[in-house]
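Descriptive analysis of the structure
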Amino acid sequence: MLEPRFLYGALYLFVICWSLEAPMAESGIGVNWGTISFHKLRPTTVVDLLRENKIQKVKLFEAEPDVMRALMGSGIQVMVGIPNEMLSVLSSSPSAADLWVRQNLTSYIGKGGADIRYVAVGNEPFLTSYNGQFQNLVMPAVLNVQQSLVKANLAGYVKIVVPCNADAYGSASLPSQGAFRPELTQIITQLVQFLNSNGSPFVVNIYPFLSLYDNGDFPQDYAFFEGTTHPVTDGSNVYTNAFDGNYDTLVAALSKLGFGQLPIVIGEIGWPSDGAIGANITAARVFNQGLISHIVSNKGTPLRPNSPPVDVYIFSLLDEGAKSTLPGNFERHWGIFSFDGQAKYPLNLGLGNKQLKNAKNVQYLPSRWCVADPSSDLTNVVNHMKLACSVADCTTLNYGGSCNEIGAKGNISYAFNSYYQLQMQDSRSCDFDGLGMVTFLDPSIGDCRFLVGVTDKYSDSSASDSEAAKHWWFLLLLLFLHGSFLALKLI
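Residues numbered from 1 in each chain as written. Predicted model: local features only at pLDDT ≥ 70, side-chain atom pairs only at ≥ 80, totals over all residues. Heavy atoms only, no water.

Looking at an unreviewed UniProt entry, one finds the protein chain named glucan endo-1,3-beta-D-glucosidase, with Stylosanthes scabra as its source organism. Its UniProt record gives the protein chain the following Catalytic activity (unreviewed entry) comment, quoted word for word: "Hydrolysis of (1->3)-beta-D-glucosidic linkages in (1->3)-beta-D-glucans." According to its UniProt record, the protein chain has this under Sequence similarities (unreviewed entry): "Belongs to the glycosyl hydrolase 17 family." (UniProt positions renumbered as here; feature names shortened; annotations may be inferred.)

Okay, the pairing of strand β3 (residues 77-82) next. β3 sits mainly inside the fold: six of its six residues count as buried. The alternating pattern of β3 places Q77, M79 and G81 and V78, V80 and I82 on opposite faces, both of which are buried. Here six bridges tie β3 to strand β4 (residues 115-121), and the two strands are oriented parallel to one another. In the sheet register, Q77 faces β4, and the bridge partner there is D115. (Buried < 20%, exposed > 50% of the residue type's maximum accessible area, 1.4 Å probe, protein only. Helix = DSSP H or I, 4+ residues; strand = E, 2+ residues; numbered from the N terminus. Pairing = 2+ DSSP bridges.)

Moving on, we come to the layout of surface pockets. If you add up the space inside the second largest pocket, you get close to 830 Å³. In terms of lining, the second largest pocket is formed by 37 residues, of which the most central are D274, H333, T396, S402 and R449. It is helix α12 (residues 407-422) that contributes the most residues to the lining of the second largest pocket, three residues altogether. Residue composition of the lining of the second largest pocket, grouped by class: 13 nonpolar, 16 polar and eight charged. (1 Å grid on protein atoms, 1.4 Å probe; cavity = no way out; pocket = protein on both sides within 12 Å on 5 of 7 lines; lining within 4 Å. Points joined across faces, edges and corners; volume = space filled by probe spheres on them. Nonpolar A, V, L, I, M, F, W, Y, C, P; charged D, E, K, R; others polar.)

Across all of its chains, the model carries three disulfides by this definition. Two residues share a disulfide in this structure: C370 and C430, whose sulfurs sit 2.0 Å from each other. Measuring the twist about the S-S bond at about 90°, one finds the C370-C430 disulfide to be right-handed. Residue C370 is located in strand β14 (residues 369-372), and its partner C430 is located in the loop between α12 and β15 (436-439); the two are separated by 60 residues in the primary sequence. One disulfide in the model links C389 with C394; its S-S distance is 2.2 Å. For the disulfide bridge between C389 and C394, the dihedral angle about the S-S bond is near -85°, and by the sign convention the bridge is left-handed. (Disulfide = S-S within 2.5 Å.)

Strands sit in the order β5-β4-β3-β2-β1-β13-β10-β7-β6 across an open sheet of nine strands; the sheet is parallel. Every other strand in the sheet has two partners, leaving β5 (159-161) and β6 (164-165) as the edge strands with one partner each. Note that strand β10 (residues 264-269) and strand β13 (residues 311-314) share two bridges and pair parallel. From the neighbouring strand, I269 faces β13, where its bridge partner is I314.

In this structure the tally under the stated criterion is 12 salt bridges. Close ionic contact of K360 with E52 constitutes a salt bridge, the shortest N to O distance being 3.6 Å. Here E52 lies in helix α2 (residues 43-52) and K360 lies in the loop between β13 and β14, a separation of 308 residues in the sequence. For E52, a relative accessible area of 28% puts it in the partly exposed group. Put simply, E331 and K323 hold a salt bridge, and the shortest N to O gap is 3.0 Å. (Salt bridge = Lys/Arg side-chain N within 4 Å of Asp/Glu carboxyl O.)

Our next topic: the packing of aromatic side chains. Enumeration over the complete set of coordinates arrives at 23 aromatic pairs. Ring centres of F225 and F243 lie 6.3 Å apart, and the angle between their planes is 50°; this geometry places the pair in the tilted category. Of the two residues, F225 sits in the loop between α8 (208-214) and β8 (232-234) while F243 sits in helix α9 (residues 242-256), which places them 18 residues apart along the sequence. Across the pair, exposure class does not vary: F225 and F243 are buried alike. (Phe/Tyr/Trp six-rings, centres within 6.5 Å; stacked < 30°, edge-to-face > 60°.)

Let's shift gears to the pairing of strand β2 (residues 57-60). Here β2 shows no split at all, with K57 and K59 on one side and V58 and L60 on the other all buried. The sheet contact formed by strand β1 (residues 28-33) and β2 spans three bridges and is parallel. Across the sheet, residue W33 finds its bridge partner in β2, namely L60. Read as a crossover between parallel neighbours, the route from β1 over α2 to β2 is right-handed. What joins β2 to β3 is helix α3 (residues 65-71), and the crossover it makes is right-handed. (Right-handed = clockwise from strand over helix to strand, strands pointing away.)

In contact at an axis separation of 8 Å, helix α5 (residues 94-106) and helix α6 (residues 138-151) are set at 55° when each is read in the N-to-C sense. Comparing the axis directions of α5 and α6 gives the class oblique. Two packed elements cross with a definite hand, and for α5 against α6 that hand is right-handed. For the pair α5 and α6, the contacting residues are P94, A97, D98, V101 and L105 in the first and N144, V145, S148, L149 and K151 in the second. For the contact of α5 with α6, the per-class residue count stands at six nonpolar, two polar and two charged. (Axes fitted to C-alpha atoms, helices over the stretch in contact; angles between N-to-C directions. Parallel < 35°, antiparallel > 145°, perpendicular 65-115°, else oblique. Left-handed = near helix turned anticlockwise from the far one by under 90°. Contact = heavy atoms within 4.5 Å.)

Here it is, written out as structure tokens:
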């Protein structure tokens, strides 16, 4: 008979191995953490923010070293993304996939490490606007990364997913008529077969706001969860909100491929609080609270009653003031928190806290602002405004924005201040040929907030620079391997 200490050791080993091979399937509310911002909070500050709000699931768009390091030991479950731009090299080079896994997964997983549960290969790679650019790269990249996970003994724990936009299954007039776009049928079939055989969910991004924004005839109340005067009747099923209708359209599309029971995760869903008509604090709060209440009720949808999505990742955690505004000015205002980690509105995430808690110990720049000098002739200010807004974020000044009605001088001051804060309050950045001046009186007007920048992004500059250099060297190495691989194929 084994001595107790050996029994305890064997039991401990069993528990550890079991936990690595079979993660618990917990439904939950998570968030997307994007970092395309002029005013970045220190990653450790953001992780503390997540923990204060009891958020246990986070989705990243790429494996930024300082972010991954901050998540180590936090207990937060992570979905880490691979950008679409890397699909080409990963699809053609198994060595590049091995290197990516070593650099971005193995380096952070282990005792006291990051709890990485998913690798998202690409981000909406089948989007119609890409015109098929990434379409044929997805499955080869998926298979190469999967083999790399196997080699690293991570395949039983880290699952591969491919976040898809809802346009992959088009816009059927009724949910039951849902089907994937014809040109995607073969690839999606291969993908769902892979997901099913590897125990991975289908990840989809659903945006009722965009349905409303892009279609003037879309019923506004149907975008929310408060009931509608425009229900959609599909046989015996009645849909009272766009989310359920869109979700069941996907369920129907998967059913047509023979995978109607495949688990589904909502990779992105949310509502912007600024930058467009219909994008405001009230609408964002009503939508997000309605969504969360709907999910945690476990009501499910007509085609999947009492079976909500496995997980839902709200888009997004923080505003990202440096994002492209090509889709619309609202792109910079999806956060449930502002750029500095301050809650925009009361929201119960259903995770234990009744309201959001603000980030703590945020290091702001001094309380001063750059405004238009009232004694100056502002006749020739247009070019200065254009310069300021071409660099800084002025999206709230546009039609539908929270600062749209502060008047001409207010617009000038807002533009000047946005640029001034971006330049870390360098006194020269408030000159504008003598048209600007620094004030210590907060010029914010009503809902229009004149921001003060944060200094957190410089707190660990040497470490960040070192990690950034390593990240770029890694990308260069991938490109080198990709080129070498293609050269060998030509010989």
